[in-house]
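Spelled out from the first residue to the last, the chains are:
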Amino acid sequence: MKRRLKAGKRRNSGFSLNVLTDDECNEIHLATLDVLKHTGVFVEHEEALEVLDGGGCLVDRKNKVVKFPHWVVEDAIRMAPSTFYAYGRRPEDDVVLEDNRVTFTNFGEGIMFVDPVTGEHRETTKADIIKAARIIDSLEHIETYERAMCSHDKPPEVQAIHNAEASLTNTTKHHWLGPVNGYQADKVIDICTAIVGSQEEFRKRPLLSFATCPISPLKLPGHHSEIVMKAAKNGMGVLIIGMAMSGGSSPVHLAGTLVIQNCEILSTLVLNQLTRKGSPFVYGTSTCPMDLRMATATVGSPETGMISAAVARLAKYYSLPSFVAGG
Amino acid sequence: MVDLAAASVGGMENFRKRPIFTANVCPISPLTLPNNTCEVVMEAARLGVGVNVMPMALSGGTSSATLAGTLVTHNAEVLSAIVLAQLSQKGMPCTYASTSTILDLRFGTSAIGCPEYGMINASIAKLAQYYRLPSFVGGGASDSKLPDIQSGYEFTLSATLSALAGANIVFGSGALEQGLTIDYAKIVMDAEMIRMIQIALKGIEITDEKLAMDVIHEVGHGGAYITHEHSLRSMRSQSQTKLFDRRSRNDWLELTQGKELRDQAYQTAIEILQRHQPYALPNGASKATSEIVSEFEKELKKGGK
């Protein structure tokens, strides 16, 4: 039997999920602009206030409250690149993050550890990070690396640097790493530079991106602002992880939580893009509900997945790469 | 079986009005309606009972190694049984069912914890919708031998895929070891996860009320939602767990002494057996049902069907 070619047809190239319609994304966007314009965001950093002032925001220096005209926010969204290149130490480790491309990474950062030998539940150490990095390095489907744990055996002021050293020397994958503050951020950049050979090489292929979190509701703390600007100045990417807790630091209803988180991330995006236009930026979330009966953060709840799916959809609406919690 | 069902609802007239039992039939892949399937379909038609047509095509074994090809033979098997049903009794209720999956060609087992199980069954749910037939598809069964982490992962992937496809019934709770073994702990744990999947199905409502703009402006920067009256008023909209643990580690240890979930699930099953009484049968029904069973056994001894 002859089976001739068919005229074009509509195909699903895979399964997908209807999370939010364009109308619903638009509604969240407009609600966000409303909050940013009328209530604004608390920004705890002199230089950041300066940058935002210069960029067209209304800055109340005394109370450190910044209000954002709609156009400032929408300009920043347009300036940020749609594709994020997560460079590894070797070209074969590079991962392209854009549109609907899905990859997985591990969780970070745990502060406790179940010792596989003794079964003891204890604080994590630098040695644990080294082992975790090596395990993750070997796992094909964990495509980028988030430092999994924290060097509790080192003083807090230098933990981020130890975390970075333990990680960078044990996996070639792209790193998402929280540098804690500007001082440690500089040192982490020094370690990266030493590994790739030169500052120039690091700028060309930054194998590490800073990860940092606003504080809900609606606060950009000093270290957060500093890290966001430092990443932009050094040609590095920055991952902003919204950490609102629905019912605790944001409304119980997920719609309202998405607005709060969107305000925090977009205001951070404005600071990032005003520092350096076109800086690579990832829209992230690790938001979950607070179980109001148990007073715990419920990362295992269905709502966590629902929020993450909605954030992935919102990021796509903004043509920004996304990084969301799940698992 | 129809006699039994009729007895338990107080007579054939009641049963015909609200048939509480549907006959499952399984065509044999590839493309065979065996004798017993045909017989049950035609007898069901006469008795006013619906049928649930459930092939178990094994991609790579009894159907094409490609999933698209498997859907074709699966569909042919279901539709041919439905033709027989509708020719026997026009308008007879038919449910489009599936437990098709892949034959794991390395182990020679019908893998039902695999992603393909969810993918095939989600697609079957869509096909049933295309034909405007109610669907009854697999999702949530496991290849693990124990109600362990593997069984939890496998339950969640295929049950969620089938649920998101809009299947009318997703079956698989309690099944381990390619469906050969049933486990009480798994049934109880799966039921908890089903509640979670159902919450996810609701999605996120984006409305003025749920955006809560007044509250957001009022709380402002750095304020607390946890103490706001709005949170107290809306807290019941949050998902709540019964079996899964969301407590802090200390509270969990104190309450459970670190007992694993599956041990608690067995405990729950035992408590249910001690506590739960199903709704009582109509008067005389339990006598009637035991008579039907003993008569059937006598017939069998005499060499009846």
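Residues numbered from 1 in each chain as written. Chains lettered and ligands numbered in written order. Predicted model: local features only at pLDDT ≥ 70, side-chain atom pairs only at ≥ 80, totals over all residues.

A.B. asks: Could you clarify how one ought to interpret the sheet that holds strand β4 (residues 94-98) of chain B in this entry?
C.D. replies: Within a sheet, each strand pairs with its neighbour through backbone hydrogen bonds, oriented either parallel or antiparallel. Residue and element names in this part refer to chain B. Strand order in the open sheet formed by five strands is β1-β2-β4-β7-β8, with parallel pairing between adjacent strands. Edge positions in the sheet fall to β1 (23-25) and β8 (169-171), since each has one partner strand and no second. Each adjacent strand pair in this sheet contributes to an overall mean axis angle of 25 degrees, direction not counted. Bridging between β1 and strand β2 (residues 51-53) involves three bridges; their strand directions are parallel. Across the sheet, residue Asn24 finds its bridge partner in β2, namely Asn52. Contacts between helix α5 (residues 115-130) and the sheet are confined to β4 and β7 (135-138), with β7 contributing the most and set at about 175 degrees to the helix. (Pairing = 2+ DSSP bridges. Helix = DSSP H or I, 4+ residues; strand = E, 2+ residues; numbered from the N terminus. Axes fitted to C-alpha atoms, helices over the stretch in contact; angles between N-to-C directions. Contact = placed C-beta atoms within 7 Å.)

A.B. asks: Would you explain the interface of chain A and chain B in this entry?
C.D. replies: It is common to report an interface's size as the accessible area lost on association of the parts. Counting residues at the interface gives 43 residues for chain A, matched by 35 residues for chain B. Listing elements by their share of the side of chain A that touches chain B, those giving two or more residues are α1 (22-38), β1 (41-43), α9 (254-275), β15 (288-291) and α10 (302-317) of chain A. By residue number, the principal contributor to the side of chain A that touches chain B is α1(A), which donates seven residues. Tallied by class, the residues present in the side of chain A that touches chain B amount to 23 nonpolar, 13 polar and seven charged. (Nonpolar A, V, L, I, M, F, W, Y, C, P; charged D, E, K, R; others polar.)

A.B. asks: Sorry if this is basic, but what is going on with the nonpolar core here?
C.D. replies: Generally speaking, nonpolar side chains in soluble globular proteins are found buried as a group. With 94 residues, the main nonpolar core has A:Leu52, A:Val188, A:Val259 and A:Val270 as its most contacted residues. When residues of this core are assigned to their parent elements, the largest contribution, 12 residues, is made by α9(A). When residues are assigned to domains, this core turns out to be shared by domain 1 (20-87 + 206-327) and domain 2 (102-204) of chain A, each giving three or more. With residues up to four places along the chain from it excluded, the contact list for A:Val259 reads A:Ile28, A:Ala31, A:Thr32, A:Val35, B:Leu211 and B:Ile216. (Core = buried A, V, L, I, M, F, W, Y, C linked by C-beta atoms within 7 Å. Buried ≥ 20, exposed ≤ 12 C-beta atoms within 10 Å, placed from the backbone. Domains from an automatic or database assignment.)

A.B. asks: Would you mind showing me how to read helix α13 (residues 285-301) of chain B here?
C.D. replies: A turn of α-helix holds 3.6 residues, and therefore any two residues three or four places apart point the same way. Residues and elements named next belong to chain B. Spanning 17 residues, α13 covers 25 Å between terminal C-alpha atoms, matching the ideal 24 Å at 1.5 Å per step. The buried fraction of α13 amounts to zero of the 17 residues, a small share that puts the element mostly on the outside. A positive backbone phi angle near 85 degrees is found at Gly303, which sits one or two residues after α13. (Expected span 1.5 Å × (residues − 1).)

A.B. asks: Explanation requested: the environment of A:Ala133 in the structure shown.
C.D. replies: Residues and elements named next belong to chain A. If you trace the backbone, Ala133 turns up in helix α4 (residues 126-138). In sequence terms Ala133 and Leu168 are 35 residues apart; their C-alpha atoms lie 8.4 Å from each other. When neighbours within four sequence positions are excluded, Ala133 is seen to be in contact with Tyr145, Ala166, Ser167, Asn170 and Thr171.

A.B. asks: I tried to follow the domain arrangement of chain A on my own but got confused; where do I start?
C.D. replies: Residue and element names in this part refer to chain A. According to the domain assignment, chain A consists of domain 1 (20-87 + 206-327) and domain 2 (102-204). Distance from the C-alpha centre of domain 1 to the C-alpha centre of domain 2: 24 Å. Between domain 1 and domain 2, the contact holds 16 residues from the first and 17 residues from the second. Looking at the side of domain 1 that touches domain 2, the element that brings in the most residues is strand β10 (residues 208-212), giving five residues.

A.B. asks: Any chance you could explain unusual backbone geometry here in plain terms?
C.D. replies: Trans is the prevailing form of peptide bonds, just as negative phi is the prevailing case for residues other than glycine. Looking along the chain, the bond that leaves A:Gly108 and enters A:Glu109 is cis, with omega of 5 degrees. Relative to the helices and strands, A:Glu109 is located in the loop between β5 (95-97) and β6 (112-114). At the junction of B:Ser29 and B:Pro30, the peptide bond is cis and its omega measures out at -5 degrees in the coordinates. Considering the arrangement of structural elements, one finds B:Pro30 in the loop between β1 and α3 (35-47). Its identity is not glycine, yet B:Arg132 carries a phi of approximately 55 degrees, on the positive side. Mapping B:Arg132 onto the fold places it in the loop between α5 and β7. The phi dihedral of B:Glu177 is positive, around 50 degrees, even though this residue is not glycine. Summarising the element assignment, B:Glu177 is placed in the loop between β9 (175-176) and β10 (181-182). The exposure class assigned to B:Glu177 is partly exposed, which follows from the 18 C-beta atoms found within 10 Å.

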